[in-house]
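# Descriptive analysis of the structure
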There are 2 protein chains.
Amino acid sequence: MDRSTSADECLVSSTLDIISGKWKMVILFHLMSEPNLRFTELMRRIPGITQRVLTKQLRELEQDDIIARTIYPEIPPRVEYAMTEYGQTLRPILEMMHHWGANHLHRSRARME
Amino acid sequence: MDRSTSADECLVSSTLDIISGKWKMVILFHLMSEPNLRFTELMRRIPGITQRVLTKQLRELEQDDIIARTIYPEIPPRVEYAMTEYGQTLRPILEMMHHWGANHLHRSRARME
DNA sequence: CTGGATCCTAAAAGATACTG
DNA sequence: CAGTATCTTTTAGGATCCAG
């Protein structure tokens, strides 16, 4: 064997770093099915999130080049968020997690009885 | 469209809940390549983790039926951890994250210059 | 050897009010 | 509309000591 394990750990964690955050997956899911959502539209689609937190998570995803922020200098201001091309590469992972999660919830319920 | 989005969010998050935790991926990666590791062996393979945290994350993974804990009533005590069959179903996701993460780190470095 | 029990800190998230 | 600025709460994680 080798010492590659510690490096490998980082590789997976680097993915996890990007999508973990209480609402990031939710945000990404919305932007996957609906490109170009405005700030307020995201707020409405994500009940429970606050402005401060939404802003923060959006900024982080933007930093990581997963989503893009487009500002239209109008009045009132309009800002749209969309997944980047790079962000799209996360799609298969998110879909697998979605699929696994569906089965997991199903299974959890079954295990409760 | 429909209102299924809010349910869908939970599905993905339910996967994320299970694998997020600073060291869970690391633990799972070790248990994937080496079935049946003892507590101390895990400690040695995961530099930086403390006993308390390792114990906690192992307990959570056990609760979720991702890993199994086997106690051998010997002196000194021996406890072995292994992935469950159900835990194995996470493997494709972890591998995709590993792959994505590798590319991501590569890309991040490129973007820095 | 495998943890449990305590205490502590840092970071994430939430509540709320305000603004160009 | 799309945030920022403060403040408070919650939670994860870490340090340390003790024990069957």
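For the structure itself, look to the data block above.
For the structure given in this document, a descriptive report is provided here. From a predicted model like this one, the values you see are computed outputs, not experimental measurements.

### Remarks on the overall build of chain A
Counting secondary structure elements, chain A contains six helices and three strands. Helices and strands appear in chain A in the N-to-C order α-α-β-α-α-β-β-α-α. Whereas a compact globule of 113 residues would reach a radius of gyration of roughly 13 Å, chain A reaches 17 Å, over 25% beyond that. With respect to the principal axes defined by its C-alpha atoms, chain A has extents near 60 × 45 × 25 Å. In chain A, which comprises 113 residues, the proportion classed as buried is 40%.

### Some words on the packing of aromatic side chains
The full count for this structure, using the stated rule, is two aromatic pairs over all chains. Aromatic side chains Tyr86 of chain A and Trp100 of chain B sit 5.5 Å apart centroid to centroid with 25° between the ring planes, which places their arrangement in the stacked category. Taken together, the residues Tyr86 of chain A in helix 5 (residues 85-88) and Trp100 of chain B in helix 6 (residues 91-112) connect one chain to another. By relative accessible area, which is 7% here, Tyr86 of chain A ends up buried. Looking at Trp100 of chain B, the relative accessible area reads 6%, which means it is buried. Here Arg107 of chain A stacks its cationic end above the ring of Tyr86 of chain B, 3.6 Å away from the centre of that ring. Of note, Arg78 of chain B hangs over the ring of Tyr72 of chain B, and the distance from its end group to the ring centre comes to 4.0 Å.

### Description of the pairing of strand 2 (residues 67-72) of chain A
Residue and element names in this part refer to chain A. In this sheet, strand 3 (residues 78-83) lies alongside strand 2 in antiparallel orientation, the contact comprising six bridges. Looking across to strand 3, one finds that Ala68 is bridged to Ala82. Between strand 2 and strand 3, which follow one another and run antiparallel, lie five residues.

### With respect to the protein's contact with DNA strand D
Taken together, 21 residues surround DNA strand D, and among them Thr40, Arg69 and Tyr81 of chain A together with Lys22 and Arg52 of chain B come closest. A distance of 2.3 Å is found between a phosphate oxygen of DNA strand D and a side-chain nitrogen or oxygen belonging to Thr40 of chain A. Here a phosphate oxygen of DNA strand D and a side-chain polar atom of Gln57 of chain B are 2.8 Å apart. Residue assignment for the surface near DNA strand D shows that the elements contributing at least two residues are helix 3 (39-45), helix 4 (51-63) and strand 3 of chain A together with helix 4 (51-63) of chain B. The element that contributes the greatest number of residues to the surface near DNA strand D is helix 4 of chain A, accounting for four residues. For the surface near DNA strand D, a count of residues per class yields eight nonpolar, six polar and seven charged.

Parameters and conventions
- Each chain carries its own residue numbering, running from 1 in the direction its sequence is written.
- Chains carry letters from A onward and ligands carry numbers from 1 onward, assigned in written order.
- Only residues with pLDDT of 70 or above have their local features reported here, since the model is predicted, and side-chain atom pairs are shown and tallied only from 80 upward, although totals for entire chains, interfaces and linings are computed over all residues.
- As a convention, hydrogens and water are excluded, and side-chain values are obtained from all of the structure's heavy atoms.
- Think of it this way: any DSSP run of H or I at least four residues long counts as a helix, any run of E at least two long counts as a strand, and we number them from the N terminus.
- The quantity called the radius of gyration is restricted to C-alpha atoms. Its globule counterpart is 2.2 Å times the number of residues to the power 0.38.
- A simple rule labels every residue: compare its accessible area, found with a 1.4 Å probe on the protein chains alone, to the largest value its type can have, and call it buried under 20%, exposed over 50%, or partly exposed in between.
- In this scheme Phe, Tyr and Trp rings, the latter by its six-membered ring, pair at centre separations within 6.5 Å, and the angle between planes marks the pair as stacked below 30 degrees, edge-to-face above 60, and tilted otherwise.
- To sit over a ring, a charge needs its Lys NZ or Arg CZ within 6 Å of the ring centre and within 35 degrees of the ring normal.
- Strands pair, by our definition, only if DSSP identifies at least two bridges between them.
- Definition of nearness: a residue and a molecule or strand are near each other if at least one heavy atom of the residue lies within 4 Å of the molecule or strand.
- Throughout this description, a polar contact denotes any pair of N or O atoms lying within 3.5 Å of each other; where both atoms belong to protein, one of them has to be capable of donating a hydrogen while the other can accept it, and for residues adjacent in sequence the pair is counted only when both atoms sit in side chains.
- Under this grouping Gly is polar, as are all residues other than the nonpolar Ala, Val, Leu, Ile, Met, Phe, Trp, Tyr, Cys and Pro and the charged Asp, Glu, Lys and Arg.

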